[in-house]
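The residues making up each chain are set out below.
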Amino acid sequence: MAVYCFYLFDRTGTCLCYYEWNRSRSLQDASDDQKNMFGMLFALRNFSVKLSPDPAKGVPTFFVTDVYALHYFETPTGLRFVLITSHDCGSVDVTRHLTDIYAEVYVEYAIKNPLYVKGSKIDYELFLSKLDSYVRSLPCF
Amino acid sequence: MSRPSLQTVGEAAFARCDRVSAELLALTYGTFVRQLLLDYEKVADVNAQLDAVGCNIGVRLVEDFLAKSKIAACNSFAHTADVIAKVAFKMFLGVTANVTSWSADRNTFSLLFDDNPLAEFTELPEQCPDLWYSNVLCGVIRGALEMLNMKVGCTFVRCKLRGHDTNEIRVSLHELLAEQPPQADD
Amino acid sequence: MHATSDQTSVSESALTFLHAQIVDYHLRGHGGHCLDPPESPPEVAAHHSAPSTMPQDATASENQDLAILAAKRKRLDALGNQVGTRLVERLALHRSRLENHLDMVKFICKDFWEAVFNKHIDVLRTNHRGLYVLTDNEFRWLSSVSPTPQHSGLPEDFVVFPCGLICGALTTLGLPCRVTAELVPVQSAYKCSFNVQMIQN
């Protein structure tokens, strides 16, 4: 099991944070990659909700392929937390960990940081180090 | 097994969070309001500034609220009203409010609350009868709900500091904001 | 970590968010509605607005900027002073009179700090000649701020109000003083020391 990378988007599609632990294919263009990821998530989410018998539900929490798994959590305020892991983490409830990242990393070290301008890229060392140590402490790391 | 009531959720969230004395908040807020009254000539501008400050607080506070209360998206405006009154008020101010006076189209409601930690040991200065002392709360609600895609109007209609029997905030849904798809390049 | 049961309490984050806005109001101009399109803020009473003349050379301009910032910080400090004064009056109400200056400072380090920051001061040092240094190793109001080169100087904005709090509180207890703060980056966070210099009559 391994964790590859993390994305955090806000409701406008801005990538507030991208963090990488282990990504085998090197990124050509980070900004392109982030735009594609957001676009894909937006489409996937809306498609998934359309398929759902209950219109208030149906937001995907993860999908898994033969090489990786994508775990997804979104807040009612439109924040989107994404963790890409190895495919054998597919059955692990990583979404719960994404809600913890929301509460214990994003809210504590971005929202409550009076210097952070909401909607901008989070490049604060304290935030990134808390994110890093949290993810490293996960059983699926 | 029934789901816990919103009241219970609010009380539990309040019990879990780190707290400070209401006095400290009241004194800080009161001193700030007095500063604004010195800075601005018109009381209407003070009310507007308190609303603006509240709005800036609301867009951040909503994330703290959602993360700590673990409340999922509300499926109706009525549910949103109950969550504000029973969970949010309790979690941040330690008091609960009541939701009343729904309009016929169900787009407007009132929040009634007797206890207001912001106004503890406060008297309105005589020369400011038009001041809505706790107007920051209107801004907070407005800012928070906009982050949840609800554009609302939020105003005080009754305030105990003005001699009314209770505090009342009227919240009106103007528009539901639709989520914008990502912009395509070129 | 919670207020005593005979006091009403509110969430600490309500205060944190309010303080951040108060700093913003005083030090970074008057914020407009964050959701409305940008418009000029309401006119401020003339005696509180900053001078607007443009000086000729860069140094004079920098000095003027520093002077403006100092004046803004002074206002914010004065706000803290007022709150500190009134808060300590209520906190010290049921206690016996504090006889000497060291006891007054210790009251700040324990009871006052507990009421405001939910903890005690970690280290108190004094030269026994009117200088006291109160160090908080994990200053709560900066616990989410990390030293970042592009924002250097800005964390200092968030200890101005606390300096005012301490100054107002100590002066009210009987120790007139000047209070400044020193932030020391420790790994990816800050340690905060408050220097209290007694003012001799």
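Remember, predicted model here, so these are calculated numbers, not experimental data.

The number of helices and strands found in chain C is four helices and five strands. Counting helices and strands in the order they occur from the N terminus, chain C gives β-α-α-α-β-β-α-β-β. Out of the 201 residues in chain C, the part that is buried amounts to 42%. Of all intrachain contacts in chain C linking residues separated by at least 6 positions in sequence, the fraction that spans at least 24 positions is 58%.

This part is about the packing of helix 3 (residues 101–117) of chain C against helix 4 (residues 160–173) of chain C. Residue and element names in this part refer to chain C. The geometry of helix 3 relative to helix 4 is characterised by a closest axis approach of 11 Å and an angle of 130° between their N-to-C directions. Between helix 3 and helix 4, the angle falls in the class oblique. Helix 3 and helix 4 meet at a crossing whose hand is right-handed. Contacts from Met-104, Val-105, Phe-107, Ile-108, Phe-112, Trp-113, Val-116 and Phe-117 of helix 3 reach helix 4 at Pro-162, Leu-165, Ile-166, Ala-169, Leu-170 and Leu-173.

Turning next to the nonpolar core. Tyr-106 and Phe-127 of chain A are the most contacted members of the largest nonpolar core, which has 147 residues in total. When near neighbours in sequence (up to four residues on either side) are disregarded, Tyr-106 of chain A contacts Leu-8, Leu-16, Leu-79, Phe-81, Ile-101, Ile-111, Lys-118, Ile-122 and Phe-127 of chain A together with Glu-63 of chain B. Judged by nonpolar contacts, the second largest core, of 13 residues, contains Cys-15, Leu-41, Phe-42 and Leu-70 of chain A.

All right, on to the sheet that holds strand 3 (residues 131–136) of chain C then. Residues and elements named next belong to chain C. With antiparallel pairing, the four strands of this open sheet are ordered in space as 2-3-5-4. Each of the sheet's edge strands pairs with one partner strand only, and the pair in question is strand 2 (123–126) and strand 4 (177–186). Looking at each pair of strands side by side, their axes are set apart by 20° on average, direction ignored. As judged from the six bridges shared by strand 3 and strand 5 (residues 189–198), these two strands associate in the antiparallel manner.

The subject of this paragraph is the environment of Phe-112 of chain C. Within the secondary structure, Phe-112 of chain C sits in helix 3. With residues up to four places along the chain from it excluded, the contact list for Phe-112 of chain C reads Gly-84, Leu-87, Val-88, Leu-91, Phe-107, Leu-165 and Ala-169 of chain C.

This brings us to the sheet that holds strand 5 (residues 80–86) of chain A. Pairing between the strands of a sheet is mediated by backbone hydrogen bonds and can be parallel or antiparallel. Residues and elements named next belong to chain A. Overall, antiparallel pairing links the five strands, which are arranged 2-1-5-4-3 in an open sheet. Whereas interior strands pair on both sides, the edge strands pair on one side only; in this sheet they are strand 2 (15–20) and strand 3 (62–64). Neighbouring strand axes in the sheet, compared pairwise and without regard to direction, differ in orientation by 10° on average. Where strand 1 (residues 3–9) meets strand 5, six bridges bridge the pair, whose relative direction is antiparallel. Residue pairing in the sheet places Phe-6 in a bridge with Leu-83 of strand 5. The strands touched by helix 1 (residues 30–51) within the sheet are strand 1, strand 2, strand 3, strand 4 (68–74) and strand 5, with strand 1 carrying the most contacts at an inclination of about 75°. Contacts from helix 2 (residues 94–111) reach strand 1, strand 2, strand 4 and strand 5 within the one sheet, and its direction differs from that of strand 4 by about 50°.

The extent of an interface is frequently quoted as the accessible surface area lost upon association of the parts. Each partner contributes to the interface: chain C provides 14 residues, whereas chain A provides twelve residues. Note on chain C versus chain A: buried area summed over both sides is about 1200 Å², and carbon and sulfur give 64% of it. Our count for the chain C to chain A interface comes out at zero salt bridges. Across the contact surface, chain C and chain A share four residue pairs in polar contact (both at pLDDT 80 or more). Grouping the constituent residues of the side of chain C that touches chain A by class yields six nonpolar, eight polar and no charged.

Conventions we followed
- Residues numbered from 1 in each chain as written.
- Chains lettered and ligands numbered in written order.
- Predicted model: local features only at pLDDT ≥ 70, side-chain atom pairs only at ≥ 80, totals over all residues.
- Heavy atoms only, no water.
- Helix = DSSP H or I, 4+ residues; strand = E, 2+ residues; numbered from the N terminus.
- Buried < 20%, exposed > 50% of the residue type's maximum accessible area, 1.4 Å probe, protein only.
- Contact = heavy atoms within 4.5 Å.
- Axes fitted to C-alpha atoms, helices over the stretch in contact; angles between N-to-C directions.
- Parallel < 35°, antiparallel > 145°, perpendicular 65-115°, else oblique.
- Left-handed = near helix turned anticlockwise from the far one by under 90°.
- Core = buried A, V, L, I, M, F, W, Y, C linked by side-chain atoms within 4.5 Å.
- Pairing = 2+ DSSP bridges.
- Buried area = accessible area lost by both parts, 1.4 Å probe.
- Salt bridge = Lys/Arg side-chain N within 4 Å of Asp/Glu carboxyl O.
- Polar contact = N/O pair within 3.5 Å; in protein donor to acceptor, adjacent residues only side chain to side chain.
- Nonpolar A, V, L, I, M, F, W, Y, C, P; charged D, E, K, R; others polar.

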